[in-house]
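The chain contents come next:
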Amino acid sequence: MVENLLATQETRVRSLHLEDPLEKGLQNKFLARYVSLPNQNKIWTVTVSPELRDRTPLVMVHGFGGGVGLWILNMDSLSTRRTLHTFDLLGFGRSSRPTFPRDPEGAEDEFVTSIETWRESMGIPSMILLGHSLGGFLATSYSIKYPDRVKHLILVDPWGFPLRPADPSQVRAPPTWVKAVASVLGRSNPLAVLRVAGPWGPSLVQRFRPDFKRKFADFFDDDTISEYIYHCNAQNPSGETAFKAMMESIGWARRPMLERIHLIRKDVPITMIYGANTWIDTSTGKKVKLQRPDSYVRDLEIEGASHHVYADQPHIFNAVVEEICDSVD
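Keep in mind that this is a model prediction, so the values were computed, not measured. (Residues numbered from 1 in each chain as written. Predicted model: local features only at pLDDT ≥ 70, side-chain atom pairs only at ≥ 80, totals over all residues. Heavy atoms only, no water.)

## Brief notes about the nonpolar core
Put simply, the test is: Side-chain atoms within 4.5 Å link the members of a nonpolar core, which is a set of buried Ala, Val, Leu, Ile, Met, Phe, Trp, Tyr and Cys residues. The cut-offs for exposure are 20% and 50% of the maximum accessible area for each residue type, with area from a 1.4 Å probe on protein chains only; residues under the lower value are buried, those over the upper are exposed, and the others partly exposed. Helix numbering and strand numbering both begin at the N terminus, where a helix is a DSSP run of H or I of at least 4 residues and a strand a DSSP run of E of at least 2. The contact criterion used throughout is that any non-hydrogen atoms of two residues lie within 4.5 Å.
Judged by nonpolar contacts, the single largest core of 48 residues is most densely connected at F87, W118, L129, L138, L153 and F161. Those elements that place two or more of their residues in this core are strand 3 (58–61), helix 3 (104–122), strand 5 (127–132), helix 4 (134–145), strand 6 (150–156), helix 10 (238–246) and strand 9 (270–275). Broken down by element, the residue count for this core peaks at six residues, all from helix 3. Not counting the four nearest positions on each side in its chain, F87 is found in contact with I43, W44, T45, V59, M60, V61, H62, V68, I115 and W118. By size, the runner-up hydrophobic cluster in this structure holds 30 residues, among which are L58, I72, L130 and A305.

## A look at the confidence of the model for the chain
Inclusion rule: A residue's pLDDT is the confidence the predictor assigns to it, expressed on a 0 to 100 scale.
Looking at the chain, the pLDDT average stands at 82 and 72% of residues meet or exceed 70. Low pLDDT, under 50, characterises residues 1–19; the predicted model gives this stretch 52 contacts beyond four residues in sequence or across chains. Within the model, pLDDT remains below 50 along residues 179–188, and this stretch shows 14 contacts once partners closer than five positions in the same chain are excluded.

## Describing the pattern of salt bridges
What counts, and what does not: Salt bridges, as used here, are contacts in which a Lys or Arg side-chain nitrogen is within 4 Å of a carboxyl oxygen on Asp or Glu.
The final tally for this structure, using the stated rule, is 15 salt bridges. As a salt-bridge pair, R265 and D148 come within 2.5 Å of each other at their nearest N and O atoms. Taken together, the residues span a long stretch of sequence, with R265 in the loop between strand 8 (252–253) and strand 9 and D148 in the loop between helix 4 and strand 6 at a distance of 117 residues. On the basis of relative accessibility, which here comes to 56%, the residue D148 falls in the exposed class. Its salt-bridge partner being K266, residue D294 comes within 3.6 Å of it at the nearest N-O pair. Taken together, the residues span a long stretch of sequence, with D294 in the loop between helix 11 (284–291) and strand 10 (297–302) and K266 in the loop between strand 8 and strand 9 at a distance of 28 residues. Each member of the salt-bridge network shares a partner with another, and the members are R55, R81, R82, E322, D326 and D329.

And the structure:
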(Lines give C-alpha, C1' and ligand atoms only; values in the text may rest on other atoms or scores of the structure.)
Protein backbone atom coordinates (compact mmCIF):
# COMPACT_ATOMS: atom_id res chain seq x y z
CA MET A 1 0.00 0.00 0.00
CA VAL A 2 1.22 3.49 -0.74
CA GLU A 3 0.35 6.79 0.89
CA ASN A 4 -3.13 7.97 0.03
CA LEU A 5 -3.36 10.24 -2.98
CA LEU A 6 -3.89 13.36 -0.96
CA ALA A 7 -1.60 15.41 1.23
CA THR A 8 -3.19 15.29 4.67
CA GLN A 9 -1.02 17.75 6.55
CA GLU A 10 -3.82 20.34 6.61
CA THR A 11 -6.72 18.04 7.38
CA ARG A 12 -8.07 17.56 10.87
CA VAL A 13 -9.57 14.15 10.17
CA ARG A 14 -7.97 10.75 10.55
CA SER A 15 -5.64 9.89 7.67
CA LEU A 16 -6.45 6.76 5.68
CA HIS A 17 -3.92 4.78 3.66
CA LEU A 18 -5.13 3.55 0.29
CA GLU A 19 -3.70 2.53 -3.02
CA ASP A 20 -2.98 5.45 -5.30
CA PRO A 21 -5.46 5.09 -8.21
CA LEU A 22 -2.70 6.04 -10.65
CA GLU A 23 -0.19 3.56 -9.20
CA LYS A 24 -2.79 0.83 -9.46
CA GLY A 25 -4.29 1.66 -12.84
CA LEU A 26 -1.87 3.37 -15.22
CA GLN A 27 0.09 1.24 -17.68
CA ASN A 28 1.93 3.98 -19.58
CA LYS A 29 5.01 5.65 -18.15
CA PHE A 30 4.08 8.57 -15.92
CA LEU A 31 5.64 11.15 -13.65
CA ALA A 32 3.80 12.53 -10.60
CA ARG A 33 5.21 15.51 -8.70
CA TYR A 34 4.59 18.99 -7.35
CA VAL A 35 5.23 21.94 -9.65
CA SER A 36 6.21 25.05 -7.67
CA LEU A 37 4.81 28.40 -8.79
CA PRO A 38 6.65 31.72 -8.30
CA ASN A 39 4.28 32.68 -5.46
CA GLN A 40 5.26 29.52 -3.52
CA ASN A 41 2.01 27.69 -4.26
CA LYS A 42 2.39 24.11 -5.48
CA ILE A 43 0.36 22.33 -8.15
CA TRP A 44 0.14 18.54 -7.97
CA THR A 45 0.83 17.35 -11.53
CA VAL A 46 0.78 14.03 -13.36
CA THR A 47 2.42 13.69 -16.77
CA VAL A 48 1.79 10.53 -18.80
CA SER A 49 4.05 9.46 -21.69
CA PRO A 50 6.52 12.33 -21.13
CA GLU A 51 8.79 10.86 -23.82
CA LEU A 52 6.30 11.65 -26.63
CA ARG A 53 7.40 15.16 -27.52
CA ASP A 54 6.58 15.39 -31.22
CA ARG A 55 2.91 16.30 -30.83
CA THR A 56 0.97 19.00 -29.03
CA PRO A 57 0.34 17.84 -25.45
CA LEU A 58 -3.15 17.35 -24.07
CA VAL A 59 -3.84 19.15 -20.78
CA MET A 60 -6.89 18.01 -18.77
CA VAL A 61 -8.56 20.14 -16.07
CA HIS A 62 -10.89 18.42 -13.60
CA GLY A 63 -14.18 19.71 -12.23
CA PHE A 64 -15.41 20.86 -8.83
CA GLY A 65 -14.45 18.57 -5.96
CA GLY A 66 -12.33 16.33 -8.19
CA GLY A 67 -8.68 15.64 -8.86
CA VAL A 68 -6.26 13.93 -11.23
CA GLY A 69 -7.31 10.45 -10.09
CA LEU A 70 -10.74 10.75 -11.71
CA TRP A 71 -9.12 10.66 -15.18
CA ILE A 72 -7.87 7.11 -14.57
CA LEU A 73 -10.19 5.66 -17.25
CA ASN A 74 -8.84 8.04 -19.88
CA MET A 75 -5.17 8.68 -19.27
CA ASP A 76 -3.62 5.58 -20.85
CA SER A 77 -5.77 5.73 -23.95
CA LEU A 78 -5.24 9.45 -24.52
CA SER A 79 -1.47 9.26 -24.03
CA THR A 80 -0.65 6.54 -26.55
CA ARG A 81 0.55 9.02 -29.19
CA ARG A 82 1.12 12.25 -27.26
CA THR A 83 2.06 13.51 -23.81
CA LEU A 84 -0.82 14.10 -21.43
CA HIS A 85 -0.69 16.45 -18.45
CA THR A 86 -3.26 16.75 -15.72
CA PHE A 87 -3.13 18.57 -12.41
CA ASP A 88 -5.12 19.32 -9.28
CA LEU A 89 -6.55 22.81 -9.56
CA LEU A 90 -5.27 25.31 -7.04
CA GLY A 91 -7.40 24.89 -3.91
CA PHE A 92 -8.31 21.26 -4.68
CA GLY A 93 -6.81 17.79 -4.28
CA ARG A 94 -3.14 17.80 -3.34
CA SER A 95 -2.43 21.31 -4.61
CA SER A 96 -1.89 24.29 -2.32
CA ARG A 97 -4.89 25.78 -0.54
CA PRO A 98 -4.39 29.56 -0.69
CA THR A 99 -6.89 32.23 0.25
CA PHE A 100 -8.74 33.29 -2.88
CA PRO A 101 -10.31 36.72 -3.51
CA ARG A 102 -13.94 36.79 -2.36
CA ASP A 103 -15.32 38.46 -5.49
CA PRO A 104 -16.22 36.30 -8.54
CA GLU A 105 -13.89 38.04 -10.99
CA GLY A 106 -10.96 37.94 -8.59
CA ALA A 107 -11.47 34.25 -7.76
CA GLU A 108 -11.73 33.33 -11.43
CA ASP A 109 -8.62 35.32 -12.29
CA GLU A 110 -6.66 33.59 -9.50
CA PHE A 111 -7.49 30.19 -11.01
CA VAL A 112 -6.59 31.33 -14.53
CA THR A 113 -3.32 32.93 -13.42
CA SER A 114 -2.34 29.73 -11.60
CA ILE A 115 -2.94 27.70 -14.78
CA GLU A 116 -0.78 30.07 -16.81
CA THR A 117 2.06 30.14 -14.29
CA TRP A 118 1.85 26.33 -14.11
CA ARG A 119 2.16 26.19 -17.93
CA GLU A 120 5.18 28.49 -17.84
CA SER A 121 6.81 26.40 -15.11
CA MET A 122 6.18 23.25 -17.16
CA GLY A 123 7.66 24.81 -20.30
CA ILE A 124 4.62 23.97 -22.44
CA PRO A 125 4.54 26.29 -25.48
CA SER A 126 0.99 25.39 -26.54
CA MET A 127 -1.59 22.73 -25.73
CA ILE A 128 -4.88 21.07 -26.48
CA LEU A 129 -6.86 22.22 -23.43
CA LEU A 130 -9.69 20.05 -22.08
CA GLY A 131 -11.83 21.01 -19.10
CA HIS A 132 -14.72 19.23 -17.38
CA SER A 133 -17.51 21.11 -15.56
CA LEU A 134 -15.82 23.85 -13.48
CA GLY A 135 -12.63 22.94 -15.33
CA GLY A 136 -14.42 23.75 -18.59
CA PHE A 137 -15.43 27.16 -17.28
CA LEU A 138 -11.85 27.92 -16.24
CA ALA A 139 -10.36 26.53 -19.46
CA THR A 140 -12.63 28.90 -21.40
CA SER A 141 -11.62 31.85 -19.24
CA TYR A 142 -7.97 30.88 -19.79
CA SER A 143 -8.50 30.72 -23.56
CA ILE A 144 -9.94 34.24 -23.57
CA LYS A 145 -6.82 35.57 -21.89
CA TYR A 146 -4.16 33.33 -23.45
CA PRO A 147 -5.40 32.25 -26.91
CA ASP A 148 -1.86 31.81 -28.24
CA ARG A 149 -1.40 28.88 -25.87
CA VAL A 150 -4.52 26.93 -26.94
CA LYS A 151 -4.60 24.94 -30.19
CA HIS A 152 -8.03 23.41 -29.50
CA LEU A 153 -10.42 23.96 -26.60
CA ILE A 154 -12.42 20.89 -25.54
CA LEU A 155 -15.28 21.56 -23.12
CA VAL A 156 -16.81 18.54 -21.39
CA ASP A 157 -20.21 19.23 -19.82
CA PRO A 158 -18.98 22.73 -18.91
CA TRP A 159 -20.45 24.48 -15.89
CA GLY A 160 -21.28 28.17 -15.69
CA PHE A 161 -22.19 28.97 -19.30
CA PRO A 162 -25.92 29.80 -19.51
CA LEU A 163 -27.73 32.72 -17.98
CA ARG A 164 -30.17 31.64 -15.33
CA PRO A 165 -33.68 31.40 -16.85
CA ALA A 166 -36.32 33.72 -15.45
CA ASP A 167 -38.87 30.90 -15.81
CA PRO A 168 -38.10 28.06 -13.33
CA SER A 169 -39.90 25.58 -15.61
CA GLN A 170 -37.07 25.98 -18.12
CA VAL A 171 -34.52 24.65 -15.64
CA ARG A 172 -33.54 21.00 -16.06
CA ALA A 173 -34.05 19.16 -12.76
CA PRO A 174 -30.68 18.38 -11.10
CA PRO A 175 -29.93 15.00 -9.50
CA THR A 176 -30.51 14.36 -5.81
CA TRP A 177 -26.88 14.91 -4.80
CA VAL A 178 -26.89 18.38 -6.41
CA LYS A 179 -30.03 19.28 -4.46
CA ALA A 180 -28.36 18.06 -1.28
CA VAL A 181 -25.33 20.26 -1.90
CA ALA A 182 -27.53 23.21 -2.77
CA SER A 183 -29.43 22.84 0.50
CA VAL A 184 -26.37 23.81 2.55
CA LEU A 185 -24.99 26.54 0.31
CA GLY A 186 -26.60 29.37 2.21
CA ARG A 187 -24.87 28.37 5.41
CA SER A 188 -21.50 26.98 4.42
CA ASN A 189 -19.22 25.80 1.65
CA PRO A 190 -20.70 23.12 -0.65
CA LEU A 191 -18.80 20.15 0.77
CA ALA A 192 -18.71 21.20 4.43
CA VAL A 193 -20.78 18.16 5.37
CA LEU A 194 -17.89 15.88 4.36
CA ARG A 195 -15.49 17.62 6.72
CA VAL A 196 -17.99 17.46 9.56
CA ALA A 197 -18.39 13.72 8.92
CA GLY A 198 -14.69 13.10 9.67
CA PRO A 199 -13.73 9.43 9.30
CA TRP A 200 -17.28 8.61 8.19
CA GLY A 201 -16.79 10.84 5.15
CA PRO A 202 -16.02 8.03 2.66
CA SER A 203 -19.26 6.29 3.65
CA LEU A 204 -21.11 9.56 3.10
CA VAL A 205 -19.62 9.85 -0.40
CA GLN A 206 -20.71 6.28 -1.12
CA ARG A 207 -24.23 7.02 0.12
CA PHE A 208 -24.77 10.16 -1.95
CA ARG A 209 -22.71 9.09 -5.00
CA PRO A 210 -22.96 5.29 -5.31
CA ASP A 211 -22.67 5.79 -9.06
CA PHE A 212 -18.97 6.61 -8.74
CA LYS A 213 -18.16 3.11 -7.53
CA ARG A 214 -20.03 1.69 -10.54
CA LYS A 215 -18.30 4.04 -12.99
CA PHE A 216 -14.84 2.87 -11.91
CA ALA A 217 -15.71 -0.77 -11.27
CA ASP A 218 -13.41 -1.98 -14.06
CA PHE A 219 -10.43 -0.64 -12.09
CA PHE A 220 -11.50 -0.84 -8.45
CA ASP A 221 -13.73 -3.40 -6.73
CA ASP A 222 -13.38 -1.65 -3.37
CA ASP A 223 -13.98 1.86 -1.96
CA THR A 224 -10.82 3.42 -3.43
CA ILE A 225 -12.72 6.04 -5.43
CA SER A 226 -15.04 7.02 -2.54
CA GLU A 227 -12.04 7.42 -0.24
CA TYR A 228 -10.17 9.38 -2.90
CA ILE A 229 -13.05 11.82 -3.44
CA TYR A 230 -13.41 12.22 0.32
CA HIS A 231 -9.73 13.05 0.81
CA CYS A 232 -9.85 15.44 -2.14
CA ASN A 233 -12.38 17.46 -0.16
CA ALA A 234 -11.58 16.86 3.52
CA GLN A 235 -8.98 19.61 3.76
CA ASN A 236 -9.13 23.39 4.01
CA PRO A 237 -11.99 24.36 1.62
CA SER A 238 -9.95 26.90 -0.31
CA GLY A 239 -11.16 25.99 -3.81
CA GLU A 240 -14.73 25.53 -2.56
CA THR A 241 -14.76 29.05 -1.17
CA ALA A 242 -13.58 30.37 -4.53
CA PHE A 243 -16.25 28.34 -6.34
CA LYS A 244 -18.94 29.67 -4.04
CA ALA A 245 -17.79 33.24 -4.80
CA MET A 246 -18.05 32.52 -8.53
CA MET A 247 -21.52 30.96 -8.53
CA GLU A 248 -24.96 32.47 -8.26
CA SER A 249 -26.35 29.06 -7.33
CA ILE A 250 -25.12 25.51 -7.84
CA GLY A 251 -26.00 25.49 -11.55
CA TRP A 252 -25.16 29.04 -12.60
CA ALA A 253 -22.19 31.38 -12.51
CA ARG A 254 -22.30 35.00 -11.43
CA ARG A 255 -20.38 35.81 -14.60
CA PRO A 256 -21.93 33.45 -17.21
CA MET A 257 -19.48 32.35 -19.84
CA LEU A 258 -22.00 32.69 -22.69
CA GLU A 259 -21.70 36.45 -22.28
CA ARG A 260 -17.94 36.29 -22.87
CA ILE A 261 -17.10 33.34 -25.11
CA HIS A 262 -17.13 35.58 -28.19
CA LEU A 263 -13.96 37.13 -26.75
CA ILE A 264 -11.93 34.00 -27.54
CA ARG A 265 -9.91 34.65 -30.67
CA LYS A 266 -11.71 33.44 -33.79
CA ASP A 267 -8.99 30.99 -34.84
CA VAL A 268 -9.26 28.93 -31.62
CA PRO A 269 -11.42 25.86 -32.44
CA ILE A 270 -13.90 24.67 -29.82
CA THR A 271 -15.51 21.27 -29.32
CA MET A 272 -18.21 20.81 -26.68
CA ILE A 273 -18.96 17.29 -25.44
CA TYR A 274 -22.07 16.59 -23.38
CA GLY A 275 -23.59 13.55 -21.77
CA ALA A 276 -27.01 12.93 -23.32
CA ASN A 277 -28.45 12.45 -19.81
CA THR A 278 -26.66 15.30 -18.07
CA TRP A 279 -28.30 17.90 -15.83
CA ILE A 280 -26.18 20.59 -17.51
CA ASP A 281 -27.96 22.68 -20.19
CA THR A 282 -26.84 21.05 -23.45
CA SER A 283 -28.40 23.79 -25.58
CA THR A 284 -25.36 25.89 -24.67
CA GLY A 285 -23.42 24.32 -27.52
CA LYS A 286 -25.88 25.67 -30.10
CA LYS A 287 -25.73 29.09 -28.46
CA VAL A 288 -21.93 29.13 -28.60
CA LYS A 289 -22.17 28.46 -32.36
CA LEU A 290 -24.42 31.52 -32.72
CA GLN A 291 -21.95 33.60 -30.71
CA ARG A 292 -19.03 32.52 -32.93
CA PRO A 293 -20.39 32.38 -36.53
CA ASP A 294 -16.94 32.71 -38.14
CA SER A 295 -15.20 30.15 -35.92
CA TYR A 296 -15.03 26.37 -35.66
CA VAL A 297 -17.51 25.19 -33.03
CA ARG A 298 -18.67 21.59 -32.79
CA ASP A 299 -21.06 20.21 -30.19
CA LEU A 300 -22.02 16.60 -29.63
CA GLU A 301 -23.76 14.39 -27.10
CA ILE A 302 -22.64 10.94 -25.96
CA GLU A 303 -25.48 8.50 -25.39
CA GLY A 304 -25.59 6.65 -22.10
CA ALA A 305 -23.59 9.33 -20.31
CA SER A 306 -24.51 11.88 -17.67
CA HIS A 307 -22.42 14.73 -16.27
CA HIS A 308 -19.25 12.65 -15.81
CA VAL A 309 -19.06 11.75 -19.50
CA TYR A 310 -15.44 10.61 -19.28
CA ALA A 311 -16.33 7.94 -16.71
CA ASP A 312 -19.83 7.00 -17.92
CA GLN A 313 -18.70 6.14 -21.46
CA PRO A 314 -14.90 6.20 -21.33
CA HIS A 315 -14.28 4.26 -24.57
CA ILE A 316 -16.48 6.55 -26.65
CA PHE A 317 -15.19 9.64 -24.86
CA ASN A 318 -11.57 8.63 -25.41
CA ALA A 319 -12.20 7.95 -29.10
CA VAL A 320 -13.83 11.36 -29.58
CA VAL A 321 -11.04 13.22 -27.77
CA GLU A 322 -8.34 11.26 -29.63
CA GLU A 323 -9.97 12.20 -32.93
CA ILE A 324 -9.91 15.87 -31.94
CA CYS A 325 -6.26 15.64 -30.88
CA ASP A 326 -5.30 13.96 -34.14
CA SER A 327 -6.93 16.83 -36.04
CA VAL A 328 -4.47 19.20 -34.35
CA ASP A 329 -1.34 17.23 -35.29
